[in-house]
Amino acid sequence: MSRLCNKTPSICKDEPLSDGEIDRKITLLRQIVSSCYGPRGRLKQVHNNVGSQIQTTSTSAVLLRAIQTSEPLLKLLIVSLQNHIQRYSDCGLFAAILCLGLVENAKQLNSRTRVVVSVYRHLQELCNAYLMGQECKCKIKIDFSSCQELLVVARSTIISKPVCGLNPAETFHISTLVMKAFLQTIPTNPSDSVRLGRTVMVALEGEAVEKSAVLPGVLIDMPEIFPSEAVEKFESSPCRVAVFNASLSGDLSEIGKTALEIHHGADLEANILDKLLKLGEQMTKDGVKLVMCQRVIHPVLQQYLREHGIMVVERFGIALLDPIIYVTGAQAMATLHTPVPSEAYGQVAALRRDHFGSRPMLHLIPCGSPVVSTMVLCHRNETMLNELKLACERAMHVLRLTLKEPYALLGAGCTEAHLAAYVRHMSQKTLGASAALGCNPSDILQVTDAFCQSLETVAMALQHNGGHSLIDLMYGHHWTSPSAEDMHTDTPQSCGCGLISNSAASQWVHLNTRYPDFCPVPPTNSASHICVLDSFLAKVNALNVAIEMANLLLEIKYSIRDVN
Amino acid sequence: MADGGHVRSTLAVVSALESVVLRSFGPSGGLVLFTRDSGEVLLTRHGQKILRSLHVEHPICRMVLDCIQAHCTMAADGSKSFLILLASLLRRIHAQSKTCRDISNTRARQLANQLLHLCHNGLDDVILRQVTPCVSSLYMSGYHGDILEGLVGGYVAGRVAICQVEVLTRVICQFFWKWHMGQAMAKTVRYIHRNFPFLHSTVSGLPIGQSCVQEGLLLGCDWTVFFENCSKEPIRVLILINNEFAIDDAVSVFDNCIYDSHAIGRRLCMCVEELDVFVLLSPVKCPDILLQWAIQKQVCVAECVEPPLLDLLSQLSQSQAATVGRVTMVTSVSYAVLGGHRLACVGLIPSYPYGNSEHLLHPHTLLLCAPGPGPLDQCASVCEGVFTMLYSVFEAEHTVTALNQSLNSHTDQSEEMSHNPASYSPMKSKNTVPVSAPAPDQWHWLLCAGRVVPVGGVFEVLLHHFLLSSDWLAEPQVRSILTESVLDLPRMLHFHKPRLFVQFQASLLNKLRFGPSHQPCSGALESVSCKQQLLVSVLQCVCKLLSVDHILHTHTPVNTLLHTTKTTHSDKEDED
């Protein structure tokens, strides 16, 4: 390959983080993500200048995808955050704010990078040990015998996205639906290997939120020419189903690039049609009542099947293939050349025709207890509906994560404030590790202070309406006060997560000030007062990813950038 | 070109290269971030990767990079040290030769030749007869800690971010010990080094602390069809070869014959059923009919597995050829779930892949996690480099032992025998059978023989001390150039606090004079043979660079004639 113009020398930058331009970009990114954080966060409208879809959102998954940056350091960070969100769906904004806060605070210190990175790593291990340990006072064990805590987790995830525009009753309704759908994906018959089911989301624009529902089984869009009388026959009786994922249209798409030599007298189309009709005959004889094909069915075959009282559904698409196989218990036939074996047939308990708004849908009701359900989400307009769909998917994922680790962390900034207080308290005790870390005690104290300030910044990022963040000096929870003066007379009824009431705590200070060292005590209230809970696995992973990315960014000492 | 200008310009070029790698030198060095114009990002501290990614045009620069590449192919270590040592030698040679005004270039070349002569005649002797025994006596009893961990930690510390060092060291050592079941550690290292691309898997989006070692081989993809198998008996596996799915170029359709596009798939299903297997592994996407049959017969299927990995699996489990593909036995089929990402896993019994009863291996896979693809690449390449380095250490031992045989004096032998008879016998047996010795711990043997040394400049300080006192080797001027340049390496490690280096040097020389202190020490280690090889390579490079007299730039004209004829043709067409 030859060049059209000479190679211009690469741009080499020593200590890229000390560059003012990159500083400004980091601050800007932190402001963008901080302003979206929490239920009172500000919204962002994403659109480009070539007329693509406008999105209004405060979800990190959408925002990070939309942020185009030319700075390679920030690109590195955004890719890592996107990887985290892909795995855990939650706490993306938390990781972003924490990581950028750690980087900014570290730069303001005078210490060497190696010292900062070693102490951050040490504190990361301290936080992990505390959060994973039994003595952690900011995590709640989820009681699976009642749905209270699961409901709180689902509600906290949905309420953190203000674009959804839900009032409290609607929020409660949607959270209940999410939890119901989640519980339905857990199979009831115990066996050695438990496989969770699926929830299919169907979005309906223009209806009220209260019309959202969770239905067992699968909903398929019904074509207009579908005879409704045919469905009525099966509203209460089980019917046999055959499912095909091969194409029944008579086209030879599966042969690929092979050449076909057709000899004189051979009529390929007639042969194939003959085969299709033989298949139809066999299915009629076997008493099949519903034939479903992922791809297209030949019109002649469709006509034949309808004449014999069999319902035909074609082109339902690959997205619904797995749910339909689950619901019916059928095995998808991959070929039309062999007769369908009897064990490949499936069964549904009933078929029903439902109307959702103006959309007619065919409802397949499974036999037995279903692990596949459909959630029909309704909302007034497209923007809110898209955001609600994302929020529900996130909530479902978060609930699934609780099956792996049955814990939840206190939300609304209480975990961050509590962890900061704990780390400050433990740093006094771990000054003895200074020799092992290769630095002096004053370095450890300074870097620990920077670390805790970053955690506190995350909690304070929840304030968007001029409120003040406070911390109580007994439990270490996060409180919000509307005014700075009269702190003691004007305190709210309970802390952010709802666990501590203001009668239990006695002293509060502002979160971003120096407060006397104290060891947070375990709360005495029962967990029933909690109203905001975060996902344990997602938050712990986000904490670790944030600290590791901050360490990586701080260690970059040289940057070489090709221009052409 | 003015005489003497060549040395100066060479020095300028090498200093520029040095400044690029200096930032990432040593355990407290930083990372270098590369961004290509295509948007591809590379984040690394690995010297070789940094230098390979630079676009350089200066011919001297290219020569230097070629020399480094050749050195790293052999030793897998020391590309940054190479540049620092090279720059420091050139500086000293330039300083010495500047004094001879008119013939400074000649003088420089002369010095370089003398240095190379010293290297070929006598340096080996000094290292083997003075430095190595000294190291052995200083650290044999005083070093506490795992030797393997020290070697791995020393290598990894200079090549990854500070926060990744502990985790990676622990995981790599765990990986080695899980593989190694027999006695021949060298063979285990060689096997892992040769097959490393298939013995590790990477998962992005998780913190580094989640890296672990998984038993069995990970297939790099998920099961397409999976059924649990709880029986304890070995499971039959069929490994398909690519040409099973080859279809004919053309298919004929006759009057009465109905074209069946799935005939091949069905034939395959019948063959597979005859073989009575529970698992099917295929290098390509299987036809739908095969998958349908697998679901019916409850057979596990994994598609799109890399062919070299399938070969490795065949070799490790000693498969046999069958009517289609190869059949083998495995202990278990399962999957590894890491943060929502599922990978198929096949358990294997410990086996003898070369049919050699001494060489027993228990296959495991290294699972590496990192927050993003940049740090992930870095981890994977460093892990690969660790095994290359260990392999080169063992390879060097074979040649050194042969040399040792001729150079070793009786007094040395009796000294070591009385001190530690158990560890001496492997060395003796190694002289006769270089392949493997029934040593209880070959790593410990390396320390006792003085072949590994703690990092931080121990080797450099000892070499400096012994070279200065070896008057018979070369002129004092030549010796001082080499010894002072060699000391520049540990000085660079402590550049932020030079006092620390001086203290370190003083304490080491003290130990030399008064015997080893009884303070136990532990920490990172490095191989003496790698250091020796580095010296030789750098001195050869210096000679090569300074043997250049003139640089002639040739200019190939850009083929503008072709461009102009093309444009005239298109003009003509327009006119028509």
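Because the structure is a prediction, the values reported are computed rather than measured.

> Could you clarify how one ought to interpret the overall build of chain A in this entry?
Each helix and strand in chain A was counted, giving 16 helices and 20 strands. For chain A, the spread of C-alpha atoms along the principal axes amounts to about 90 × 70 × 45 Å. Counting the 564 residues in chain A, one finds 45% classified as buried. Residue pairs in contact within chain A that sit at least 24 positions apart in sequence constitute 75% of those at least 6 positions apart.

> Would you take a moment to explain the pairing of strand β11 (residues 326-330) of chain B for this structure?
Regular strands show a simple pattern: their side chains alternate between the two faces of the sheet. Residues and elements named next belong to chain B. When strand β6 (residues 235-239) meets β11, the two strands line up antiparallel, connected through five bridges. Bridge pairing in β11 places Ile235 opposite Val330. As judged from the two bridges shared by strand β10 (residues 320-321) and β11, these two strands associate in the antiparallel manner. For Gln320, the partnering residue across the bridge sits in β11 and is Val327. Between β10 and β11, which pair antiparallel and follow one another directly, the connecting turn spans four residues, one of which, Gly325, has a positive phi of 70 degrees.

> Honestly, helix α6 (residues 148-159) of chain A in this entry has me stumped. Any pointers?
Side chains three or four residues apart in an α-helix point the same way, a direct result of the helix having 3.6 residues per turn. Residues and elements named next belong to chain A. Given a rise of 1.5 Å per residue, twelve residues ought to cover 16 Å, and the 16 Å separating the end C-alpha atoms of α6 matches this to within 8%. Turning to α6, its buried residues number three or more, namely Glu149, Leu150, Val152, Val153, Ala154, Arg155, Ser156, Thr157, Ile158 and Ile159. In this structure, the buried residues of α6 make contact with β4 (139-141), α7 (168-184), α12 (382-404), β15 (407-410) and β19 (533-535).

> Explanation requested: the interface of chain A and chain B in the structure shown.
Quite often, the size of an interface is put as the accessible area lost when its parts meet. On the side of chain B, 53 residues touch chain A, which itself brings 56 residues to the contact. At ten residues, helix α3 (residues 72-88) of chain A tops the list of elements feeding residues into the side of chain A that touches chain B. Inspection of the sheet shows strand β20 (residues 556-561) of chain A paired to strand β1 (residues 31-35) of chain B by five bridges, in the parallel sense. Within β1 of chain B, the position partnered with Ile560 of chain A by the bridge is Phe34 of chain B.

> Hey, could you run me through the domain arrangement of chain B in this one?
The assigned domain composition of chain B is domain 1 (5-140 + 451-546), domain 2 (147-162 + 176-198 + 386-447) and domain 3 (217-249 + 260-347). Here the C-alpha centroids of domain 1 of chain B and domain 3 of chain B sit 52 Å apart.

> Any chance you could explain the domain arrangement of chain A here in plain terms?
Parsing chain A into structural domains produces domain 1 (11-137 + 410-465 + 530-561), domain 2 (148-206 + 370-404) and domain 3 (218-360). Placing the centre of domain 1 of chain A and that of domain 3 of chain A at their C-alpha centroids yields a distance of 53 Å.

> Can you help me understand the nonpolar core in this one?
Inside soluble globular proteins, nonpolar side chains tend to come together where they are buried. Membership of the largest hydrophobic core comes to 322 residues, with the highest contact counts inside it found for Cys99 and Ala546 of chain A together with Leu86, Leu280 and Val542 of chain B. Looking at which element gives the most residues to this core, the answer is helix α16 (residues 536-555) of chain A, with 14 residues. The residues contacting Leu86 of chain B, other than those within four sequence positions of it, are Val14, Val538, Cys541 and Val542 of chain B.

> What am I meant to see in the confidence of the model for chain B here?
A low pLDDT score tells you not to read the predicted coordinates there in detail. Residues and elements named next belong to chain B. Model confidence for chain B is summarised by a mean pLDDT of 78, while 82% of its residues fall at 70 or above. For chain B, the element scoring lowest by mean pLDDT is helix α14 (residues 421-432), at 37; helix α7 (residues 165-179) scores highest, at 90. The low-confidence segment residues 414-439 (pLDDT under 50) makes 25 contacts with residues lying over four places distant or belonging to another chain. Here residues 563-576 is a poorly scored stretch, pLDDT under 50, and it has zero contacts once near neighbours within four places are set aside; other chains count. As scored by the predictor, the complex reaches a pTM of 0.84 and an ipTM of 0.76.

> What's the story with the sheet that holds β4 of chain A in this structure? I'm lost.
Backbone hydrogen bonds hold the strands of a sheet together, and the pairing may be parallel or antiparallel. All names here are of chain A. In spatial order, the strands read β4-β15-β19; together these three strands make up an open sheet with antiparallel pairing. Edge positions in the sheet fall to β4 and β19, since each has one partner strand and no second. Strand-to-strand twist of the sheet, defined as the mean angle between neighbouring strand axes without regard to direction, takes the value 45 degrees. In this sheet, β19 lies alongside β15 in antiparallel orientation, the contact comprising three bridges. Across the sheet, Leu410 pairs through a bridge with Leu533, a residue of β19. Relative to the sheet, α16 contacts β4, β15 and β19, its axis offset from that of β19 by approximately 65 degrees.

> I keep staring at helix α1 (residues 5-22) of chain B and nothing clicks. Help me out?
Residue and element names in this part refer to chain B. With 18 residues, α1 should reach 26 Å at 1.5 Å per residue; the first-to-last C-alpha distance of 25 Å fits that figure. Among all positions of α1, only His6, Val7, Thr10, Leu11, Val13, Val14, Leu17, Glu18 and Val21 are buried. Taken end-on, α1 shows its buried residues confined to a sector of 165 degrees, consistent with a single buried face. In α1, the exposed positions that point more than 90 degrees away from the buried face belong to Gly5 and Ala12. In this structure, the buried residues of α1 make contact with α2 (47-53), α3 (59-75), α4 (79-98), α5 (104-139) and α19 (528-546).

> Could you clarify how one ought to interpret the sheet that holds strand β16 (residues 468-472) of chain A in this entry?
Residues and elements named next belong to chain A. Read from one edge to the other, the open sheet built from three strands follows the order β17-β16-β18, with strand pairing classed as antiparallel. The open sheet has two free edges, formed respectively by β17 (478-481) and β18 (508-510), since each of these has just one partner strand. Strand-to-strand twist in this sheet, taken as the mean axis angle between neighbours without regard to direction, amounts to 40 degrees. Bridge count for β16 against β17 is four bridges, and the pairing is antiparallel. Along β17, the bridge assignment pairs Ile471 with His478.

> Could you clarify how one ought to interpret the environment of Val241 of chain A in this entry?
Residue and element names in this part refer to chain A. Relative to the helices and strands, Val241 resides in strand β8 (residues 239-244). Classification of Val241 by C-beta neighbours within 10 Å gives buried; the count is 23. Val241 sits 57 residues away from His298 along the chain, and the two C-alpha atoms are 18 Å apart. When near neighbours in sequence (up to four residues on either side) are disregarded, Val241 contacts Val288, Leu290, Met292, Thr328, Ala330, Tyr345, Gly346, Gln347 and Val348.

> Honestly, the packing of α5 of chain B against helix α17 (residues 476-493) of chain B in this entry has me stumped. Any pointers?
Describing two packed helices takes the angle between their axes plus the distance from one axis to the other. Residue and element names in this part refer to chain B. Their axes nearest at 10 Å, the elements α5 and α17 cross at an angle of 75 degrees. As far as their axial angle goes, α17 and α5 are roughly perpendicular. Every residue of α17 that contacts α5 at Leu111, Gln114, Leu115 and Leu118 is listed here: Val478, Ile481 and Leu482. Class assignment for the residues of the contact of α5 with α17 results in six nonpolar, one polar and no charged.

The rules behind these values
- For every chain, the first residue of its written sequence is number 1, and the numbers climb from 1 along that sequence.
- Both sets of labels track the order of writing: A upward for chains, 1 upward for ligands.
- Totals for whole chains, interfaces and linings use every residue, but because this is a predicted model, local features are given only for residues with pLDDT of at least 70 and side-chain atom pairs only at 80 or more, for both listing and counting.
- Secondary structure is summarised from DSSP: a helix means a run of H or I of at least four residues, a strand means a run of E of at least two, and numbering begins at the N terminus for each.
- Exposure classes come from backbone-placed C-beta atoms, where a residue is buried if 20 or more other C-beta atoms lie within 10 Å of its own, exposed if 12 or fewer do, and partly exposed in between.
- By the convention adopted here, residues are in contact when the distance between their C-beta atoms, placed from the backbone, does not exceed 7 Å.
- Pairing between strands is defined by DSSP: at least two bridges between them are needed.
- To estimate how far a helix should extend, the number of its residues minus one is multiplied by 1.5 Å.
- For the domains described, the bounds stem from an automatic or database domain assignment.
- For this analysis, nonpolar core means a set of buried Ala, Val, Leu, Ile, Met, Phe, Trp, Tyr and Cys residues linked through C-beta atoms within 7 Å.
- Per-residue confidence from the prediction method is given by pLDDT, with values spanning 0 to 100.
- Simply put, an axis is a line fit to the C-alpha atoms, just over the touching stretch for a helix, and the angle between two N-to-C directions goes from 0 to 180 degrees.
- Each direction from the helix axis to a C-beta atom contributes to the arc, which is the arc of those directions.
- Each angle receives one of four descriptions, namely roughly parallel if under 35 degrees, roughly antiparallel if over 145, roughly perpendicular if within 65 to 115, and oblique otherwise.
- Any residue outside Ala, Val, Leu, Ile, Met, Phe, Trp, Tyr, Cys, Pro, Asp, Glu, Lys and Arg is labelled polar, Gly included; the first ten of those are nonpolar and the last four are charged.

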